[in-house]
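# Descriptive structure summary
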Amino acid sequence: MDSTIKRGAGLAGAVTASLLALLTAAPAQAAGTTAASQASTGATAVASPARTDAASQELPVPTGSHPVGTVSLHLVDRSRPDPWVPTEKARELMVSLWYPAAKGGGTTAPYMTDEEAKALLEGQEITGVPSEAVSGTRTHAVSGARPAGRKGTLPLVVLSPGFTMSRTSLTALAEELASRGYVVAGIDHVHESYGTTLPGGRFARCVACKELEADPMAGGAKVVRGRQADVSFVLDRLLGRHPVWKGARLIDGSRVGMAGHSIGGASTSWTMVKDRRVRAGVNMDGTSFVPLPEQGLARPFMLMGAGAEHEPGGKDATWGRDWARMTGWKRWITLEGGDHGSFTDYALMTKQSAREVEVTRAYVAAFMDRHLRGDDEQLLDGPSETYPEVKFWK
């Protein structure tokens, strides 16, 4: 399989395995264990299980002024079958919402369920590591906290994770945006992650994995198109006349952005082509499996890649192709010394440093502030002394 396809599809198993092995090494050893090597609809609010404190790892504290709340929703799109399991006549999604919350106490949300952590470790062929070392990662959002804000004032940002990854892999970014006054919707595209916990004791595995391994290009394009349908459905359910979330009245439906990692980033540009409600988008290190149409994309877009792989003239030629078709505000930046996991929580967990997470949060937040709030964000105007590792190309 071509290395570029591996990165874009999130199939770089060896890379992610080494990341996760490092992630779990410290807490595992502390526990005496040695690491070895996410139209008729239904919507159900899903209660979060109690968070375990088995791991000492903690996500960075959000820097915004708002406390953060979170809730998980189970959404069912009965207008279409599941793209990976056609016998399932409805498409199920798990969605986490992060949002500004009213002040008050409460229990912080778990990072992921223990079964999801086990599936992640199994999928990356990591043995000898307790699943609690992953699922027990400490977060900062309070489960079920009361949403805060004025009606119709909060921008909405949709996050789509990399292939095989859970929606929780972007939790640090989601909590940061929510603390700055955004509603954030992270989507688990069921059957595309190693494991997704569903209501009723059900657990969905990665059915799409075999299809992408057999034909990465065709499979990648199928993922991108399916994720566009998933995102549009979620927007329907949050912004429609009968929204599925009690805090939806706070959202300003005219200010919607999207960011994604890996194939989630590739899905962002295509979603903007098909759904004009998404005003601005960020692709974090994702190969573009579905080209932008020749007429181009006129809304704001940022390409944010890792190292030489995604520099102009780098191995991933899809960025140069699509860049030429972006006719609106645009930026192309790379993180020197970064890798494919740099834009996810795993960068913090594996390297025991918050720097890459800090950079990602700063630039994505600046992008959304400029294009969804109209703020004059000079961070996007060129190189910064604060973040010298970020290179501006065009």
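Values in this document were obtained by computation on a predicted structure and should not be read as measured data.

### Let's talk about the pairing of strand E5 (residues 154-160)
Of all the seven residues making up E5, seven are buried; the element is thus mostly covered by neighbouring parts of the structure. By the alternation rule, side chains of E5 split into Leu 154, Leu 156, Val 158 and Ser 160 and Pro 155, Val 157 and Leu 159, which are all buried. Alignment of E5 against strand E9 (residues 251-261), held across six bridges, turns out to be parallel. Following the sheet pairing, Leu 156 is matched in E9 by Val 256. Taken together, the four bridges between E5 and strand E6 (residues 183-188) define a ladder with parallel strand orientation. Bridge assignment links Leu 156 to a residue of E6, and that residue is Val 183.

### Focus: the nonpolar core
Val 95, Leu 97, Tyr 99, Leu 156, Leu 238 and Trp 245 are the most contacted members of the largest nonpolar core, which totals 38 residues. At the level of elements, strand E2 (68-77), strand E3 (91-100), E5, E6, helix H7 (216-239), E9, strand E11 (301-306) and helix H9 (317-323) are the ones that each hand at least two residues to this core. Broken down by element, this core gets its largest block of residues, five residues, from H7. With near-sequence residues (within four places) excluded, Trp 245 lies in contact with Val 71, Leu 73, Leu 97, Tyr 99, Pro 147, Val 183, Leu 238 and Ile 251. Counting 36 residues, the second-largest nonpolar core is a separate cluster that includes Trp 98, Ala 141, Leu 170 and Val 184.

### Thoughts on the pairing of strand E8 (residues 202-205)
The pairing of strand E7 (residues 195-198) with E8 spans four bridges and is antiparallel. From the neighbouring strand, Thr 197 faces E8, where its bridge partner is Phe 203. Between E7 and the antiparallel strand that follows it, E8, lie three residues; Gly 200 among them carries a positive phi value of about 75 degrees.

### Structural notes on the packing of helix H5 (residues 171-179) against helix H11 (residues 355-373)
Taken N-terminus to C-terminus, the directions of H5 and H11 make an angle of 45 degrees; their axes are 10 Å apart at the nearest point. Considering their axes alone, H5 and H11 lie oblique with respect to each other. Note that H5 runs across H11; the crossing there is right-handed. Between H5 and H11, the contacting residues are Ala 172, Leu 173, Glu 176 and Leu 177 on the first element and Val 357, Thr 360, Arg 361, Val 364 and Ala 365 on the second. Partitioning the contact of H5 with H11 into residue classes produces six nonpolar, one polar and two charged.

### Some details on the pattern of salt bridges
Applying the stated criterion across every chain, the model contains 24 salt bridges. Here Arg 91 ties to Glu 192 by a salt bridge, and the two come within 3.6 Å at their closest N and O atoms. Of this pair, Arg 91 sits in strand E3 while Glu 192 is found in the loop between E6 and E7, placing the two residues 101 residues apart along the sequence. One exposure class covers both Arg 91 and Glu 192, and it is buried. With its nearest N and O atoms 3.5 Å apart, the salt bridge here joins Arg 205 to Glu 122. With a gap of 83 residues between them, Arg 205 in strand E8 and Glu 122 in helix H3 (residues 114-123) connect regions that are remote in the sequence. What makes Arg 205 partly exposed here is its relative accessible area of 43%. Members of the salt-bridge network, linked through shared partners, are Asp 77, Arg 80, Asp 82, Arg 91, Glu 192, Arg 227 and Asp 230.

### Side note on the environment of Ser 179
Note on placement: Ser 179 falls in helix H5. The contact partners of Ser 179, leaving out residues within four places of it in the chain, are Pro 62, Thr 63, Gly 64, Ser 65, His 66 and Val 68.

### Regarding the confidence of the model for the chain
Chain-level statistics for the chain give a pLDDT mean of 87 and a share of 86% at 70 or above. The low-confidence segment residues 7-42 (pLDDT under 50) makes 92 contacts with residues lying over four places distant or belonging to another chain. For residues 47-55, every residue scores under 50 in pLDDT, and the model assigns this stretch 20 contacts once sequence neighbours within four places are set aside.

### Thoughts on the packing of aromatic side chains
Within this structure, the stated rule accounts for six aromatic pairs. Between Trp 329 and Phe 367 the ring centres are 5.8 Å apart and the planes differ by 55 degrees, which places this aromatic pair in the tilted class. Here Trp 329, found in the loop between H9 and strand E12 (330-335), pairs with Phe 367, found in helix H11; they are 38 residues apart in sequence, far enough to count as distant. Taken together, Trp 319, Trp 323 and Trp 332 form an aromatic cluster joined through their ring pairs. One Lys or Arg, Lys 330, reaches over the ring of Trp 323 and ends 4.4 Å from the middle of that ring. It is Arg 373 that lies over the ring of Tyr 182; its NZ or CZ is 4.2 Å from the centre.

### Describing the state of the cysteines
Within the structure shown, the criterion is met by one disulfide. Covalent S-S linkage joins Cys 206 and Cys 209, the inter-sulfur distance amounting to 2.1 Å. The sign of the S-S torsion, about 95 degrees, decides the handedness of the disulfide formed by Cys 206 and Cys 209: right-handed. Neither residue differs from the other here; Cys 206 and Cys 209 are each classed as buried.

### Structural notes on the side chain of Thr 271
For Thr 271, the position within the fold is in helix H8 (residues 263-274). Thr 271 gets classed as buried once you look at its relative accessible area, which sits at 0%. Setting aside residues up to four positions removed in sequence, Thr 271 forms contacts with Gln 228, Val 231, Met 258 and Val 278.

### Topic: H7
Taking 1.5 Å of rise per residue, the 24 residues of H7 would be expected to cover 34 Å, and the 34 Å separating its terminal C-alpha atoms lies within 8% of that figure. Counting buried residues in H7 gives 17 out of 24 residues, a clear majority hidden from the surface.

Criteria and cut-off values
- Residues numbered from 1 in each chain as written.
- Predicted model: local features only at pLDDT ≥ 70, side-chain atom pairs only at ≥ 80, totals over all residues.
- Heavy atoms only, no water.
- Buried < 20%, exposed > 50% of the residue type's maximum accessible area, 1.4 Å probe, protein only.
- Helix = DSSP H or I, 4+ residues; strand = E, 2+ residues; numbered from the N terminus.
- Pairing = 2+ DSSP bridges.
- Core = buried A, V, L, I, M, F, W, Y, C linked by side-chain atoms within 4.5 Å.
- Contact = heavy atoms within 4.5 Å.
- Axes fitted to C-alpha atoms, helices over the stretch in contact; angles between N-to-C directions.
- Parallel < 35°, antiparallel > 145°, perpendicular 65-115°, else oblique.
- Left-handed = near helix turned anticlockwise from the far one by under 90°.
- Nonpolar A, V, L, I, M, F, W, Y, C, P; charged D, E, K, R; others polar.
- Salt bridge = Lys/Arg side-chain N within 4 Å of Asp/Glu carboxyl O.
- pLDDT = per-residue confidence, 0-100.
- Phe/Tyr/Trp six-rings, centres within 6.5 Å; stacked < 30°, edge-to-face > 60°.
- Lys NZ or Arg CZ within 6 Å of the ring centre and 35° of its normal.
- Disulfide = S-S within 2.5 Å.
- Expected span 1.5 Å × (residues − 1).

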